[in-house]
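Secondary and tertiary structure notes
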Amino acid sequence: MVTIPRTDYTSTNALGQGREWLMDPANWSGPAGIPVRTFEHLQYTGLALLIAAVIAVPLGLFIGHTGRGQVAVVAVSGLLRALPTLGMLTLFVLLAGLGLMPPIWALVLLAVPPLLAGTYAGVSSVDRSVVDAARSLGMSETQILFRVEVPNGMRVLLGGLRGAALQVVATAAVVATINLGGLGRYLIDGLAVGDYGRVFGGAVIIALVALAVDAVIALGSRFLIPSGLGRLDAAGKSTGSGVPAAGAQGGNK
Amino acid sequence: MTPPPEPAELSDSTKSPAGLAAGRPMVRFRSVTKTYGDAAPAVRDLNLDIGAGSITVFVGPSGCGKTTSLRMINRMVEPTSGTIEVDGRDISTVKAAQLRRSMGYVMQSSGLLPHRTVLDNVATVPRLNGTPRREARRRAAELLDVVGLASALGERYPAQLSGGQQQRVGVARALAADPPVLLMDEPFSAVDPVVRAELQEELLRLQKELAKTIVFVTHDIDEATILGDKVAVFATGGRLAQYAAPEEILRAPVDEFVAGFVGRDRGFRHLSFQDGTAVPLHPVQLIAADRLPDPAATVDGGWALCVDSDGAPLGWVPADRRAEITGTADLVPGGSLYPQGTSLRRALDAALSSPAGLGVAVDADGRAAGVVKAGEILALIEAARLQRAGS
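Naming follows an unreviewed UniProt entry, where chain A appears as ABC transporter permease subunit of Arthrobacter yangruifuii. Its UniProt record gives chain A the following Sequence similarities (unreviewed entry) comment, quoted word for word: "Belongs to the binding-protein-dependent transport system permease family."

Structure representation (structure tokens):
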């Protein structure tokens, strides 16, 4: 591993040093600059979320629609949430060696529980009388799932995605403990050489990226949630946006 | 005066044209039993023929199997044993989804899809059947008109409608694919009594034009007698206790259970089925609303009826309080109205609910046509009874 030169700060505390680090134009360019690291960070996040979604969404749709396997899923989700991400990362690297995928799998484990819970809670949150009506109109089970349950459960479903994305984007820094890039590099490297300005600056950037990702999903939700649900202008009929994302939030941080 | 809307009580002749002795059966239950697990059967050996083009009402207390029986017709519930035929075909041989699309279904909670507009909700079944969107929506807009909803409501979402409007949309949706059979599961029980009466009247009006085979579930015996060409009374334990015309069920309940279920008021309810044309009409003094402030417009007898410029009754003016009444706001509110020629029940109710003891009869245009007296109505009822006993 290359040694990272310590920056000369004028300030003596981490807060001031962090500010200086963030203001230094040298940190905003080049292969180790903040834009590149942010892009890497988002790539890891996106890859982990994509894999997690491929696993969790179909499973969640099935469980939500049929009501089967709910108990098992709650148990497995709880178990997954109890796993420490850093520990799993180390384990995967020990088992599978260095490379991109072992650390990504650790992040996938982190993203699966909120996605799974959000998906099945979303589908099963849809009023049973609505589902019953759809069935009695002559919709097939697939039509019920995709034309009735998914759109009406979209708010809770997206709540799960939001929770998963937030956790992964905030936790993806751990992949820097091994050989990967991303914004975690600033934390790990800064700690290694006692450069607390870098650590502080990196932490601020990670927090900002997490907030930005959350804002993007929140904005996207406005378009994905059907307009018949909530935010209606009929007097007193609005259901608002306060539907709790049952079990979709929270984690093992 | 603004009397509350009357429950829809129409004589048999105004119900579906197919009438009581409807032709071939559209739906047949043959020895149908439904058992859940080890529990006592929800429906026990049901044999029932439902006539085409008529309204058949399943009525009974909770847990009597009426809803289960209804839901077996479109295979939302599968019978444990026995067969059900619709239009001569054993429904277990038809794919469930396809069978359901061939029947309209209206449920208690409107069951509208919250994420779709009213128009798209109504268009659901035609769309499932492959009708192009534009045509399905055009047809849906027509149906909103048929069920008495403004077309502007089509762009709204279900949550923006009142309960009564939602039920109307539910009916429109059930009619969208023009199915021969309509299944209605307590469709009006969640709306207030005034709206319920409107919806009942509306359903009878629609049925007169459409002549569908309607199976209607309710726990309300009043609703059953108002709507049904035939009524099936279910007893606890999934037993069909009596299946007959509503008039017969009220007049001659077959056993203790049915007698108990149709209740204490059945004598009064039965008057719904007796024609009121023979009730003598008496003249009454009328005072035009615009003459109320004029003291010269005196009340000659005990009571005078105040009417608006169209002749519609507004309220009563008692002779002893004439001086206090100077505007329509001071009138003594009237009772229910008796539309001329409807049932004895409405005539008697108008007389009993009137503060003057005089029931106001109105003609087809809503103008006061005269008054009826309770004593004379009772005499008519007694005469009719004697005539029946004698014949």
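Moving on, we get to the overall build of chain A. For chain A, the count of helices and strands is 9 helices and 0 strands. Scanning chain A from its N terminus toward the C terminus, one meets helices and strands in the order α-α-α-α-α-α-α-α-α. Every one of the 253 residues in chain A was classed for burial, and the buried ones make up 43%. If you take every contact in chain A between residues at least 6 apart in sequence, the share linking residues at least 24 apart comes to 73%.

To continue, consider the overall build of chain B. Along the backbone of chain B there are 13 helices and 16 strands. Considering only C-alpha atoms, chain B reaches an extent of 80 × 55 × 35 Å along its principal axes. Counting over 391 residues, chain B shows a buried share of 47%. In chain B, once contacts between residues fewer than 6 apart in sequence are set aside, the share between residues at least 24 apart is 63%.

With that out of the way, let us pick up the sheet that holds strand 13 (residues 313–318) of chain B. Residue and element names in this part refer to chain B. Pairing is mixed across the open sheet formed by 3 strands, whose spatial order is 11-12-13. Strand pairing shows two members of the sheet lacking a second neighbour, strand 11 (286–288) and strand 13, which therefore form its edges. In this sheet, adjacent strand axes meet at a mean angle of 35° when their direction is disregarded. Here 3 bridges tie strand 11 to strand 12 (residues 303–307), and the two strands are oriented parallel to one another.

Okay, the interface of chain A and chain B next. Facing the 21 residues of chain A at the interface are 21 residues of chain B. When contributions to the side of chain A that touches chain B are tallied by element, the ones reaching two or more residues are helix 6 (128–137) and helix 7 (141–171) of chain A. Looking at the side of chain A that touches chain B element by element, the count peaks at 8 residues for helix 6 of chain A.

Attention shifts here to the nonpolar core. Membership of the largest hydrophobic core comes to 132 residues, with the highest contact counts inside it found for Ala52, Leu107, Ala111 and Val168 of chain A together with Val122 and Val215 of chain B. Trp303, Ala350, Ala369 and Val371 of chain B belong to the second largest nonpolar core, which has 32 residues in total.

The next point concerns the sheet that holds strand 3 (residues 55–59) of chain B. All names here are of chain B. Pairing is mixed across the open sheet formed by 6 strands, whose spatial order is 6-7-8-3-9-10. Bordering the open sheet on either side are strand 6 (103–106) and strand 10 (239–244), each of which pairs with just one other strand. Strand-to-strand twist across the sheet, computed as the mean angle between neighbouring axes with direction ignored, equals 15°. Bridge analysis of strand 7 (residues 181–185) against strand 8 (residues 213–218) gives 5 bridges, and the strand direction is parallel. Within the sheet, the bridge partner assigned to valine 181 lies in strand 8 and is threonine 213.

A few words on the UniProt feature "transmembrane region" (unreviewed entry) in chain A. Residues and elements named next belong to chain A. The residues that UniProt annotates with the feature "transmembrane region" (unreviewed entry) are residues 44–64, 71–98, 104–123, 164–188 and 200–225. Along residues 44–64 the backbone is 100% helical and 0% strand, and the end-to-end C-alpha distance reaches 29 Å. The span residues 71–98 carries 86% helix and 0% strand; its end-to-end C-alpha distance comes to 36 Å.

Quick look at helix 1 (residues 66–73) of chain B now. Residues and elements named next belong to chain B. Of all 8 residues in helix 1, 8 are buried, a share of seventy percent or more. Among all positions in helix 1, only Lys66, Thr67, Thr68, Ser69, Leu70, Arg71, Met72 and Ile73 are buried. Backbone geometry just downstream of helix 1 places arginine 75 in the positive-phi region, at approximately 60°.

Turning our eyes to something else, we now look at the packing of helix 6 of chain A against helix 7 of chain A. Residue and element names in this part refer to chain A. At a closest axis distance of 10 Å, the pairing of helix 6 and helix 7 adopts a crossing angle of 160°. The orientation of helix 6 with respect to helix 7, classified from their angle, is roughly antiparallel. Where helix 6 crosses over helix 7, the handedness of that crossing is right-handed. In this structure, helix 6 contributes Val130, Val131, Ala134 and Arg135 to the contact, and helix 7 contributes Ile144, Val148, Glu149 and Asn152. Class assignment of the residues belonging to the contact of helix 6 with helix 7 gives a composition of 5 nonpolar, 1 polar and 2 charged.

Moving on: the pairing of strand 13 of chain B. Residues and elements named next belong to chain B. Of all 6 residues making up strand 13, 5 are buried, and the element is well covered by its neighbours. Where strand 12 meets strand 13, 5 bridges bridge the pair, whose relative direction is antiparallel. Of the residues in strand 13, the one forming a bridge with cysteine 306 is glycine 315. From the end of strand 12 to the start of strand 13, which pair antiparallel, there are 5 residues, and glycine 311 there has a positive phi angle of about 90°.

According to the domain assignment, chain B consists of domain 1 (12–102 + 180–269) and domain 2 (286–383). The C-alpha-based centres of domain 1 of chain B and domain 2 of chain B are spaced at 39 Å.

Our next topic: the environment of arginine 101 of chain B. Relative to the elements of secondary structure, arginine 101 of chain B occurs in helix 2 (residues 96–101). Spatially, the C-alpha atom of arginine 101 of chain B lies 65 Å from that of aspartate 320 of chain B, the residues being 219 residues apart in sequence.

Moving on: unusual backbone geometry. Residues and elements named next belong to chain B. Despite not being glycine, arginine 75 shows a phi value in the positive range, around 60°. Note on placement: arginine 75 falls in the loop between helix 1 and strand 4 (81–86). Take arginine 75: there are 21 C-beta atoms within 10 Å of it, and that puts it in the buried class. Not every positive phi belongs to a glycine, and alanine 211 is a case in point at roughly 50°. Along the polypeptide, alanine 211 turns up in the loop between helix 7 (193–210) and strand 8. By the C-beta count within 10 Å, which is 16 here, alanine 211 ends up partly exposed.

The contact between helix 2 (residues 34–66) of chain A and helix 5 (residues 101–124) of chain A brings their axes to 7 Å, and the two run at 35°. The hand of the helix 2 of chain A/helix 5 of chain A crossing is right-handed.

All names here are of chain B. The buried count for strand 15 (residues 358–362) comes to 4 of 5 residues, which makes it a mostly enclosed element. Pairing geometry for strand 14 (residues 337–339) and strand 15, over 3 bridges, is parallel. Paired with leucine 337 across the strands is valine 360, a residue of strand 15. You can see the chain leave strand 14, run along helix 12 (residues 344–353) and come back into strand 15, and the turn it takes is right-handed.

All names here are of chain B. The predicted model of chain B averages 87 in pLDDT, with 93% of residues at 70 or higher. Model confidence for chain B, summarised as mean pLDDT per element, is weakest for helix 11 (residues 266–270) at 76 and strongest for strand 8 at 96. Scored as a complex, the prediction yields pTM 0.74 and ipTM 0.75.

Conventions and cut-offs
Residues numbered from 1 in each chain as written. Chains lettered and ligands numbered in written order. Predicted model: local features only at pLDDT ≥ 70, side-chain atom pairs only at ≥ 80, totals over all residues. UniProt positions renumbered as here; feature names shortened; annotations may be inferred. Helix = DSSP H or I, 4+ residues; strand = E, 2+ residues; numbered from the N terminus. Buried ≥ 20, exposed ≤ 12 C-beta atoms within 10 Å, placed from the backbone. Contact = placed C-beta atoms within 7 Å. Pairing = 2+ DSSP bridges. Axes fitted to C-alpha atoms, helices over the stretch in contact; angles between N-to-C directions. Core = buried A, V, L, I, M, F, W, Y, C linked by C-beta atoms within 7 Å. Parallel < 35°, antiparallel > 145°, perpendicular 65-115°, else oblique. Left-handed = near helix turned anticlockwise from the far one by under 90°. Nonpolar A, V, L, I, M, F, W, Y, C, P; charged D, E, K, R; others polar. Domains from an automatic or database assignment. Right-handed = clockwise from strand over helix to strand, strands pointing away. pLDDT = per-residue confidence, 0-100.

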